[in-house]
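Topology and contacts: notes
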Amino acid sequence: MLKSARKKEKDPEGRMPLSEHLRELRNRLLKSVLAICVVTIVAMFYYMDIAKFLMQPVLDSVGCGGVSLSDLSQKGGDGHDCAYFTVNGLLSPFTIMLKVSFTTGLVVATPVWLYQLWAFLAPGLHRNEKKYGLFFVGLGVPLFVGGAYFAYMILPTSAKVLIGFTPEGANNLLPLDDFLDLLARMVVVFGLAFELPLLLILLNFTGILTGRRMLGWWRAMIMGITVFGAVATPSTDPIGMFALAGPVVVLYFGAVAVALVNDRRKARRRAADPDFGLSDDEASELDLTPEAIGAPGAAPELTDGDDSGNARRNGYDDIT
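I will try to describe carefully the structure that is included in this document. Given the structure is predicted, the values throughout are model-derived calculations rather than measurements. (Residues numbered from 1 in each chain as written. Predicted model: local features only at pLDDT ≥ 70, side-chain atom pairs only at ≥ 80, totals over all residues. Heavy atoms only, no water.)

1. Re the overall build of the chain
Looking only at helices and strands, the chain features twelve helices and two strands. Put simply, the chain runs from its N terminus to its C terminus through helices and strands in the order α-α-β-α-α-α-α-β-α-α-α-α-α-α. Here the chain holds 320 residues, and the buried ones make up 38% of them. In the chain, of all internal contacts separated by at least 6 residues, the share reaching a separation of at least 24 is 74%. Of the roughly 20000 Å² of accessible surface on the chain, 65% is carried by carbon and sulfur atoms. (Helix = DSSP H or I, 4+ residues; strand = E, 2+ residues; numbered from the N terminus. Buried < 20%, exposed > 50% of the residue type's maximum accessible area, 1.4 Å probe, protein only. Contact = heavy atoms within 4.5 Å. Areas by Shrake-Rupley, 256 points an atom, 1.4 Å probe, with all protein chains shown as cover.)

Next up, the structure:
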C-alpha cells in the first residue's frame, strides 16, 4: 500500500497523471503519520519523565513549592505570585498522556516528515535543483527543533509575567491539559516559523528569488513577521510575540546574506562559463542575430549572361 507511485512508471521529467500525484501524496502522508505514531507509542512508556521535563521550567518559575493551596495569599518562597498545576476529571490523566506522547512524536519524527515533504516536491524540480534535498533536510531539522526548544525556554518567562497580573487574594490553578495544549501549539508555531529562512534560501538557490529582491522586502518582512508573531503566538502576550518575531527577523537577514553571497558566486561562474546553471533539459543561449544579405552561403546573383533555366535547379530559385 505504501509502494511509491513513481516506481510504476519512471518519467525523467517527473510528470504523472493527477491520480498518480494523489496516490503519491497519500503514500507520503501515510509514511509521515506512521513515523509519528511509532515515536508516540515509544514515548508513552516514558510519559512520566517527559511530562516532568515539560512542566519543570514553569514549576521553577511560578510554582508554589511547599506553600499550601489553602493559603489565599498564594505567595511562593520568593514572595511572588505562584501557581499550581491541576488535573481535572477522571479521564484527564489519560488525555494528558496522549498529548505529551503526541507532542514528543511530532518533534522527534521531524527528519522523517521533512524528508517525505521534500521527496514529494523533488520530482517537479530540475536535476540541478534536486541536489539541495540533503541540505533541506539537514538544515530543516535543527531549525525546527531549535524553534521548538526556544518556545520551551521562553514559556516560563511568559508564565511569570502573566501570573504577575493575578489580583490579591486569588489562587492560580493551571489545568495541566490546557498548559500542554499551549505548549504544543507554541512548539509547532515556533518550529515552523524558524523554517522561513530555509525556504528563502532554497528559493534563491533554485533561481526563483534573488538576494537583492529579498533585501528590498525588509520593511514588509519585519512588519509581516511581527504581525505573524502577534497572531500566531498562542500565549497572546507581548513577550511571546517579540520572542518569536526577534529570532525570525535575525534569521531572515541571515538568509538574505547567504542569498547575496550565492548570487555573487553565480555571477562570477556565469561570467566564466555562459552555460553555468543550466540543467540537462535546458538549452544554451543561441545567437539569433540575422546575418546581412550577401553573407557566405547566400544564393548567387544572376547576371545578364546567366541562363535562368540553369540557375533554377530542381525547382528551387536559390542554391538549395
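So that's the structure; there's more coming.
2. Brief notes about the pattern of salt bridges
A full pass over the atoms with the stated rule returns two salt bridges. We note a salt bridge from lysine 99 to aspartate 181, for which the minimum N-O separation is 3.0 Å. On the criterion of sequence distance, the pair formed by lysine 99 in helix 3 (residues 92–108) and aspartate 181 in helix 7 (residues 176–193) is long-range, its members being 82 residues apart. Exposure remark for lysine 99: the relative accessible area of 24% places this residue in the partly exposed category. For aspartate 181, a relative accessible area of 27% gives the class partly exposed. (Salt bridge = Lys/Arg side-chain N within 4 Å of Asp/Glu carboxyl O.)

3. Some thoughts on the packing of aromatic side chains
One pass over the structure, following the stated rule, counts seven aromatic pairs. Here the aromatic rings of tyrosine 149 and tyrosine 152 are separated by 6.0 Å at their centres, their planes lie at 35°, and the arrangement is tilted. Placement of the pair is tyrosine 149 and tyrosine 152 together in helix 6 (residues 133–163), with a separation of three residues, close to one helical turn. Among the residues examined, tyrosine 152 registers a relative accessible area of 10% and is labelled buried. The rings of Phe53, Tyr149 and Tyr152 are connected pair by pair, giving a single aromatic cluster. (Phe/Tyr/Trp six-rings, centres within 6.5 Å; stacked < 30°, edge-to-face > 60°.)

4. Some thoughts on the environment of histidine 21
For histidine 21, the position within the fold is in helix 1 (residues 18–44). Along the sequence, histidine 21 and phenylalanine 120 sit 99 residues apart, while their C-alpha atoms lie 8.8 Å from each other.

5. Notes on helix 1
Structurally, the α-helix is built with 3.6 residues per turn, so residues lying three or four positions apart point the same way. Between its first and last C-alpha atoms helix 1 spans 39 Å; for 27 residues at 1.5 Å apiece the expected length is 39 Å, and the two agree. The set of residues buried in helix 1 consists of Glu20, Glu24, Asn27, Arg28, Ser32, Ala35, Ile36, Thr40 and Ala43. (Expected span 1.5 Å × (residues − 1).)

6. Structural notes on a nonpolar patch on the surface
The grouping of Leu34, Val38, Ile41, Val42, Met44, Phe45, Tyr46, Phe94 and Leu98 at the surface amounts to a nonpolar patch, some 910 Å² of accessible area in total. Here the nonpolar patch takes five residues from helix 1, the largest share from any one element. Along the polypeptide, valine 42 turns up in helix 1. Given the relative accessible area of 44%, valine 42 is considered partly exposed. (Patch = residues over 30% accessible without salt bridge, like charges linked within 9 Å, V, L, I, M, F, W, Y side chains within 5 Å.)

7. Focus on the nonpolar core
Within the largest apolar cluster, 48 residues are counted, with the highest numbers of intra-cluster contacts made by Val100 and Phe179. Of all the elements in the fold, those that place two or more residues in this core are helix 2 (47–62), helix 3, helix 6, helix 7, helix 8 (196–205), helix 10 (218–232) and helix 11 (238–272). Among the elements that line this core, the one with the most residues is helix 7, at ten residues. Residues in contact with phenylalanine 179, not counting those within four places in the same chain, are Leu54, Met55, Val58, Phe85 and Leu155. Core analysis: the second largest hydrophobic core is formed by 14 residues, Phe136, Leu143, Leu198 and Leu202 among them. (Core = buried A, V, L, I, M, F, W, Y, C linked by side-chain atoms within 4.5 Å.)

8. Quick word on the packing of helix 7 against helix 11
Close contact between helix 7 and helix 11 brings their axes to 10 Å; oriented N to C, the two are set at 25°. It follows that helix 7 is roughly parallel to helix 11 by the angle criterion. Two packed elements cross with a definite hand, and for helix 7 against helix 11 that hand is right-handed. Contact with helix 7, carried on its side by Val189, Phe190 and Ala193, involves Gly240, Ala243, Leu244 and Val248 of helix 11 and no other residues of that element. (Axes fitted to C-alpha atoms, helices over the stretch in contact; angles between N-to-C directions. Parallel < 35°, antiparallel > 145°, perpendicular 65-115°, else oblique. Left-handed = near helix turned anticlockwise from the far one by under 90°.)

9. A look at empty space enclosed by the protein
On inspection of all chains with the given rule, the structure shows one cavity of 30 Å³ or more. Of the volumes computed, that of the largest cavity is approximately 40 Å³. Lining the largest cavity we find Leu54, Lys99, Val100, Thr103, Leu180, Leu183 and Ala184. When contributions to the lining of the largest cavity are tallied by element, the ones reaching two or more residues are helix 3 and helix 7. Partitioned by chemical class, the residues of the lining of the largest cavity number five nonpolar, one polar and one charged. (1 Å grid on protein atoms, 1.4 Å probe; cavity = no way out; pocket = protein on both sides within 12 Å on 5 of 7 lines; lining within 4 Å. Points joined across faces, edges and corners; volume = space filled by probe spheres on them. Nonpolar A, V, L, I, M, F, W, Y, C, P; charged D, E, K, R; others polar.)

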